[in-house]
Amino acid sequence: MGAALEIRNLHVSVEGKPILRGVDLTVKQGEVHALMGPNGSGKSTLANVLLGNPAYEVTGGEIIFKGENILEQEPDVRSRAGLFLAFQYPVSIPGVTLANFLRLAINARLKAEDPESKGISIGDFRKLMRAKMDMLQMDHSFAGRYLNEGFSGGEKKRAEILQMAVLQPSVAILDETDSGLDIDALRIVSEGVNKLRGPGLGVLVITHYQRILNYIRPEFVHVMYNGRIVESGGPDLALRLEETGYDWVRERFEVVE
Amino acid sequence: MVAVTRRRPTAPDAPSYSRADIEALSEKLKEPTWLRDSRLAAWELYEELPMPDRALEEWRRTDYRSLRWDEAGRMSASLDSRLTAIPAANREPLAGEEQGGFLAFINGEVVHSEAADSLSRQGIVFTDLSTACRLHEDLVRPNLMTRAVKPGEGKFAALHAALWTHGAFVYVPRGTAAELPIHIVMYNDQPGATLGHVLVIVEDGAQATVLVDYLSAQAQSQSVYVGATELLVGSGANLRYVSLQDWDRQMFEFSYQRARVGRDAALDWVIGTMGSRFVKSFIEVELDGTGANVQVSGMFFADKGQFFDLDTQQNHNAPLTTSNLLFKGAAKDTARSLWQGMIKSLPDMQKIDGFQACRNLVLSDEARMDAIPGLEIEADDVRCTHAATFGTLEEQPVFYLMSRGIPRDQAELMVAEGFFEELLERIPFERVQARLRASLEAKIIGSR
Ligand SMILES: Nc1ncnc2c1ncn2[C@@H]1O[C@H](COP(=O)(O)OP(=O)(O)O)[C@@H](O)[C@H]1O
Ligand SMILES: [Mg+2]
């Protein structure tokens with residue numbers, strides 16, 4: 001079994017307000033986990049904290065990745081170590097094309113390994129981009145567009161998965177990648193993710209709905225509510241949630257404060 | 001305790017030029033009498049006007065008392081400089097393989113003057129201003145500091161009119177579209193005083209694109225530049241004008257830049273301010289003709305101890321005129337910037353659309369940026385709006401880039417460049433965009 005992402009008793013606050021209240025979760029390479037839960041339960045917070053978003057304050061617990069506690073690491077270091085987040089709301093950056101951005105990201109990896117590295121050649125990079133864009137049925141003109149600038153919701157999500165395909169992480173977190181995608185786009189994007197699946201990749205699929213899980217089939221399903229994982233199980237748990245909704249979760253785990 | 005008496009702040013020093021200096025300069029440049037007389041008339045005005053100090057509203061926040069005239073005011077000596085002394089990036093053609101019109105000065109001396117055949121065949125005059133005064137009196141005399149920048153508007157305008165050392169003259173006759181861009185470089189590699197002038201006349205229905213670079217080599221002592229730019233855009237004419245300033249950090253710049261825009265004419269003006277220790281610049285557009293349309297784009301980036309004071313004014317002197325001004329600036333270290341904008345209209349000028357905005361990116365706790373918009377509108381069927389915003393570098397885009405493995409320095413650079421991008425793209429030459437990006441990068445990464 002490959003290296004793992006291990007979250008231990010993680011507590012997180014935003015602007016002094018506690019959001020995550022003791023999260024435990026382990027995702028190993030080769031596994032696919034789903035994290036479900038009603039809006040506002042803290043799923044995106046967890047995703048952002050895993051990559052080190054400075055807007056969130058970790059007040060307790062540990063994040064272990066490949067055997068190291070990464071809490072003190074900057075986001076770029078975590079990324080180069082093999083963590084990836086497909087954002088729920090990707091920001092747009094004018095002036096930086098998708099292609100240039102990805103080349104810089106690849107070169108940052110090569111330079112971190114070998115400070116003398118000249119980076120990926122333009123030819124190799126072009127080939128890589130084309131192959132991955134074709135896999136996601138993206139028009140090649142996307143490469144020359146400014147990062148997420150003027151992209152539709154669905155285009156942004158596709159561009160996120162393109163980045164994942166190019167950067168080849170060992171653990172990827174997909175935060176509501178299904179939202180904003182119509183059924184065709186969802187199928188294409190899911191197939192793309194499935195092609196990347198393998199013993200070297202662990203995936204945490206964050207979603208509100210069962211829908212995407214028909215395409216990206218998880219081995220483990222977790223339910224988050226009010227900053228904690230309140231239930232874990234197999235794929236059947238997702239189906240149960242689909243039928244009954246989140247009300248039973250709310251009723252059973254409503255915290256009285 | 002020793003009692004301290006508060007004194008009035010000391011007034012700024014004045015330079016010690018004399019009437020004899022004006023006469024000597026005019027003599028050296030072998031100027032016609034009319035020009036010599038106009039210089040001397042300006043000198044009289046100069047002597048009557050006070051050095052501007054903080055008692056004047058336009059100078060209230062502007063302090064240039066660290067300027068040492070004895071050092072900075074010395075007129076630059078001619079040194080037989082060569083074109084190749086100018087950095088290569090500023091000498092290369094703006095687009096394509098060959099220069100269109102290219103005029104270069106070093107320390108106020110012409111070192112290169114070239115106009116492609118196609119320009120001269122079109123009847124376009126492109127030469128240095130001294131030559132133009134001698135050979136084209138009919139074109140220059142009625143327009144030089146009579147219509148746009150006038151000697152009486154301030155001490156430095158009068159000083160410029162009396163003592164300008166060099167200049168460029170562009171004349172595009174009626175109905176002619178200049179096929180090639182015109183490039184002017186004013187470069188200094190010696191400290192001291194230079195007073196440069198640019199006069200551009202684009203007659204009715206004519207079109208031109210002009211780019212001016214101001215820059216200087218790193219110097220050990222102070223310099224001063226007292227400049228004037230006059231853009232005369234005739235009815236139905238179209239002028240794209242780009243001026244980029246990257247003086248060294250010992251430069252004090254005082255400049256007046258004014259455009260007059262005729263009926264149904266268009267002016268697209270891009271201004272980049274990167275260099276100098278101190279800048280006080282007046283940038284004004286006069287929308288004189290019905291249907292005139294002006295876009296002014298300003299980029300500035302102040303770092304270390306730089307001080308930039310940019311005064312802009314959009315005067316709607318005719319109905320159905322449109323002006324759109326956007327300045328974007330950044331300041332870091334202990335730098336200071338100030339933008340003061342004004343939109344004015346004459347009474348009863350209807351259907352006026354004026355916009356002014358200054359967006360400020362504050363990159364350090366010790367930097368200070370001010371932006372003061374203003375409106376003086378005396379008509380009612382108008383749409384005039386203004387905006388001033390201030391912000392620090394947004395953390396979420398930086399995080400996004402870092403989450404893909406890009407180190408913080410580089411991520412911040414990319415986000416800051418993104419802030420300027422919409423204005424950079426308004427420069428119609430990719431090579432020029434590239435060198436401006438490079439100087440932004442140097443500033444952003446610079447003093448880490
Ligand atoms: N950057 C933030 N600033 C302020 N509050 C936030 C921020 N991010 C999340 N929150 C709050 O944390 C809670 C959990 O939000 P989030 O993690 O986005 O939940 P989910 O992704 O499960 O819908 C919400 O109450 C939300 O308002
Ligand atoms: Mg969310």
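Criteria and cut-off values
- Numbering of residues begins from 1 in every chain and follows the order in which that chain's sequence is written.
- Written order decides the labels, with chains lettered from A and ligands numbered from 1.
- Under the rules for a predicted model, residues below a pLDDT of 70 receive no local features and side-chain atom pairs below 80 are neither given nor counted, while totals for whole chains, interfaces and linings still include all residues.
- The side-chain quantities take in all heavy atoms of the structure and omit both hydrogens and water.
- What makes a residue near a molecule or strand is one non-hydrogen atom of that residue sitting within 4 Å of it.
- N or O atoms within 3.5 Å of each other form a polar contact, as long as, within protein, one can give a hydrogen and the other can take it, and as long as residues adjacent in sequence are counted only when both atoms are side-chain atoms.
- Counting from the N terminus, the helices are the DSSP runs of H or I reaching at least four residues and the strands are the DSSP runs of E reaching at least two.
- A pair of strands is treated as paired once DSSP finds two or more bridges between them.
- The angle between two axes is taken between their N-to-C directions and runs from 0 to 180 degrees, where each axis is a line fitted to C-alpha atoms and a helix contributes only its stretch in contact.
- For this analysis, residues touch if any pair of their heavy atoms sits within 4.5 Å.
- Under this scheme an angle from 65 to 115 degrees is roughly perpendicular, one under 35 degrees roughly parallel, and one over 145 degrees roughly antiparallel; angles in between are oblique.
- Two helices that cross are described as forming a left-handed crossing if the nearer one is turned anticlockwise from the farther one by less than a right angle, and a right-handed crossing if clockwise.
- Any residue outside Ala, Val, Leu, Ile, Met, Phe, Trp, Tyr, Cys, Pro, Asp, Glu, Lys and Arg is labelled polar, Gly included; the first ten of those are nonpolar and the last four are charged.
- Exposure classes here rest on a 1.4 Å probe applied to the protein chains alone. A residue is buried below 20% of its type maximum, exposed above 50%, and partly exposed in between.

Peer 1: Residues and numbers for the site of ligand 1, please.
Peer 2: Residue and element names in this part refer to chain A. Surveying the vicinity of ligand 1 reveals the residues Val14, Lys17, Ile19, Pro38, Asn39, Gly40, Ser41, Gly42, Lys43, Ser44, Thr45 and Tyr56. At a separation of 3.2 Å, an oxygen atom of ligand 1 approaches a polar backbone atom of Ser41. Ser44 places a polar main-chain atom, nitrogen or oxygen, 2.9 Å from an oxygen atom of ligand 1. Every element with two or more residues in the shell around ligand 1 is listed here: β2 (17-28) and α1 (43-51).

Peer 1: Break down the sheet that holds strand β11 (residues 220-225) of chain A for me, with residues and values.
Peer 2: Residue and element names in this part refer to chain A. If you walk across this open sheet you meet the six strands as β6-β9-β10-β3-β11-β12, and the pairing is mixed. Strands at the two margins of the open sheet, each flanked by one partner only, are β6 (83-86) and β12 (228-233). Each neighbouring strand pair of the sheet contributes to a mean axis angle of 20°, computed without reference to strand direction. The sheet contact formed by β6 and strand β9 (residues 171-175) spans four bridges and is parallel. Pairing of Ala86 across the sheet is with Leu174, part of β9. Sheet strands in contact with α1 are β3 (32-36), β6, β9, β10 (202-206) and β11, and its direction is about 145° off that of β6. Strand contacts of helix α7 (residues 235-244): β3, β11 and β12, with the helix running at about 45° to β11, the strand carrying the most contacts.

Peer 1: Tell me about the packing of helix α3 (residues 98-113) of chain A against helix α4 (residues 122-135) of chain A, residues and numbers included.
Peer 2: For any two helices packed against each other, one specifies the crossing angle of their axes together with the interaxial distance. All names here are of chain A. Packing of α3 against α4 brings their axes to within 11 Å, and their N-to-C directions diverge by 115°. Taken together, α3 and α4 sit at an angle that is classed as roughly perpendicular. Like other packed secondary-structure pairs, α3 and α4 cross with a definite hand, here right-handed. Between α3 and α4, the contacting residues are Ala99, Leu102, Arg103 and Ile106 on the first element and Ile122, Phe125, Leu128 and Met129 on the second. Residues that form the contact of α3 with α4 fall into these classes: seven nonpolar, no polar and one charged.

Peer 1: Pulling in residues and values, what's your account of unusual backbone geometry?
Peer 2: Residue and element names in this part refer to chain A. Even without a glycine there, the phi angle at Asn9 is positive, about 45°. The residue Asn9 is located in strand β1 (residues 4-14) in this model. Its relative accessible area of 42% is what places Asn9 among the partly exposed residues. Residues other than glycine seldom take positive phi values, yet Gln137 does so here, at roughly 50°. As for its placement among the helices and strands, Gln137 is situated in the loop between α4 and β8 (146-147).

Purely geometric numbers; function is a separate question.
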